[in-house]
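# An overview of the molecular structure
Each chain is listed here by its residues.
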Amino acid sequence: MSTREYVYNLIDCMSEAQLKALADFITNFSIVKEPSPNAETQAVLNDVNNGENLVGPFSSVSELMEDLNADD
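Residues numbered from 1 in each chain as written. Predicted model: local features only at pLDDT ≥ 70, side-chain atom pairs only at ≥ 80, totals over all residues. Heavy atoms only, no water.

For the rest of this paragraph, the subject is the overall build of the protein chain. In terms of regular secondary structure, the protein chain is built from four helices and zero strands. Written out in order from the N terminus, the α and β elements of the protein chain read α-α-α-α. Relative to a compact globule of 72 residues, whose C-alpha radius of gyration would be 11 Å, the protein chain shows 26 Å and is clearly more extended. In terms of overall dimensions, the protein chain has a C-alpha envelope of 70 × 30 × 25 Å along the principal axes. A total of 72 residues make up the protein chain; the buried ones form 0% of that total. Accessible area for the protein chain stands at about 6800 Å²; split by element, carbon and sulfur atoms hold 56% of it. (Helix = DSSP H or I, 4+ residues; strand = E, 2+ residues; numbered from the N terminus. Rg over C-alpha atoms; globule rule 2.2 N^0.38 Å. Buried < 20%, exposed > 50% of the residue type's maximum accessible area, 1.4 Å probe, protein only. Areas by Shrake-Rupley, 256 points an atom, 1.4 Å probe, with all protein chains shown as cover.)

With twelve residues, helix α3 (residues 39-50) extends 16 Å between its outermost C-alpha atoms, agreeing within 8% with the 16 Å of an ideal straight helix rising 1.5 Å per residue. Where α3 begins, the capping side chain belongs to N38, and its oxygen is found 3.2 Å from the backbone nitrogen of E40. Immediately downstream of α3, the backbone of G51 shows phi near 65°, a positive value. (Expected span 1.5 Å × (residues − 1). Polar contact = N/O pair within 3.5 Å; in protein donor to acceptor, adjacent residues only side chain to side chain.)

Below, the discussion takes up a nonpolar patch on the surface. On the surface, M1, Y6, V7 and L10 cluster together into a nonpolar patch covering about 430 Å² of accessible area. Structurally, the position occupied by M1 is in the segment before α1 (3-12). (Patch = residues over 30% accessible without salt bridge, like charges linked within 9 Å, V, L, I, M, F, W, Y side chains within 5 Å. Salt bridge = Lys/Arg side-chain N within 4 Å of Asp/Glu carboxyl O.)

A word on the pattern of salt bridges. Following the criterion strictly, the structure yields one salt bridge and no others. With a closest N to O distance of 3.0 Å, K20 and D24 form a salt bridge. One end of the pair, K20, and the other, D24, are both in helix α2 (residues 16-30), four residues apart, so they sit about a helical turn from each other. The class of D24 is partly exposed, set by a relative accessible area of 35%.

Okay, unusual backbone geometry next. In terms of backbone geometry, most residues other than glycine have negative phi values and most peptide bonds are trans. Omega for the bond connecting G56 with P57 falls within 30 degrees of zero, at 5°, which places this linkage in the cis form. The phi dihedral of N53 falls on the positive side, at around 55°, and the residue is not glycine. Among the secondary structure elements, N53 is positioned in the loop between α3 and α4 (61-69). Judged by its relative accessible area of 66%, N53 is exposed.

Here you go:
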């Protein structure tokens with residue numbers, strides 16, 4: 001028996017209330033909501049995509065850390 005046939009057999013044995021609960025579960029399970037980036041993150045993504053407001057490149061971690069720790 002295939003998985004599909006097995007599931008159909010299970011469904012055939014369910015009450016209307018169980019079917020409704022299953023339908024609700026499947027609906028909620030199958031709808032994947034992609035989190036939207038907040039405004040600050042979206043602005044940074046736009047800058048990266050447009051090559052704007054970028055810093056670097058750095059040739060070492062020490063150079064990167066020096067820049068990060070520098071007073072702006």
